[in-house]
Amino acid sequence: MSLLRLRPLVPRLTYGRHMATLNGITVQHSEAEKKFTIDITDHDTAFLRYREIDRTSIDLYTTVVPTSLEGKGIAKLLANAAFDFAREKDFKIKPSCWYIDGYLKRHPQTNLKII
């Protein structure tokens, strides 16, 4: 997929159970590894990691997108998949990752419990 095609497609996001897609780009979630990932051919894996604070809260502590994919909406896909997961599980989130914290300030979320 051409990277130049990614930016215009960002508004066409669709979300599902723990996954978000962007015209063929899918966010995978591994609860065992506590991370959301996006794999795009010829690029390093983009990921968002979290850890359990307690049985009702998670800390979204790091989001990493390869330099070659920056500015293409990849971090947004990861963030929204994590938010959907937190909503579904009724988890509170702690946005200790600078990207997640800033994203939430710019794009307030409904039905998301933030600590």
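Remember, it's a predicted structure, so these values are computed and weren't measured experimentally.

Basis of the calculations
- Residues numbered from 1 in each chain as written.
- Predicted model: local features only at pLDDT ≥ 70, side-chain atom pairs only at ≥ 80, totals over all residues.
- Heavy atoms only, no water.
- Buried < 20%, exposed > 50% of the residue type's maximum accessible area, 1.4 Å probe, protein only.
- Helix = DSSP H or I, 4+ residues; strand = E, 2+ residues; numbered from the N terminus.
- Contact = heavy atoms within 4.5 Å.
- Salt bridge = Lys/Arg side-chain N within 4 Å of Asp/Glu carboxyl O.

A. The arrangement of helix 3 (residues 98-106) in detail. Where helix 3 is concerned, the buried positions are Tyr99, Ile100, Gly102, Tyr103 and Leu104. Summarising the contacts, the buried residues of helix 3 are in contact with strand 6 (46-54), strand 7 (57-64), helix 2 (74-89), strand 8 (92-94) and strand 9 (113-114).

B. Summary view of the environment of proline 95. Its place among the elements puts proline 95 in the loop between strand 8 and helix 3. Among the residues examined, proline 95 registers a relative accessible area of 12% and is labelled buried. Separated by 33 residues in sequence, proline 95 and threonine 62 have C-alpha atoms that sit 9.0 Å apart. Filtering out sequence-adjacent residues up to four positions away, proline 95 remains in contact with Leu60, Ile100, Asp101, Leu104, Ile114 and Ile115.

C. Quick peek at the pattern of salt bridges. Tallying each qualifying case throughout the model produces six salt bridges. Salt-bridge contacts for glutamate 33 lead to lysine 35; the nearest nitrogen and oxygen are separated by 3.3 Å. Lysine 113 is the partner of aspartate 90 in a salt bridge, and the nearest nitrogen-oxygen pair spans 2.6 Å. Here the residue aspartate 90 occupies a position in the loop between helix 2 and strand 8, and lysine 113 occupies one in strand 9, the gap between them amounting to 23 residues.

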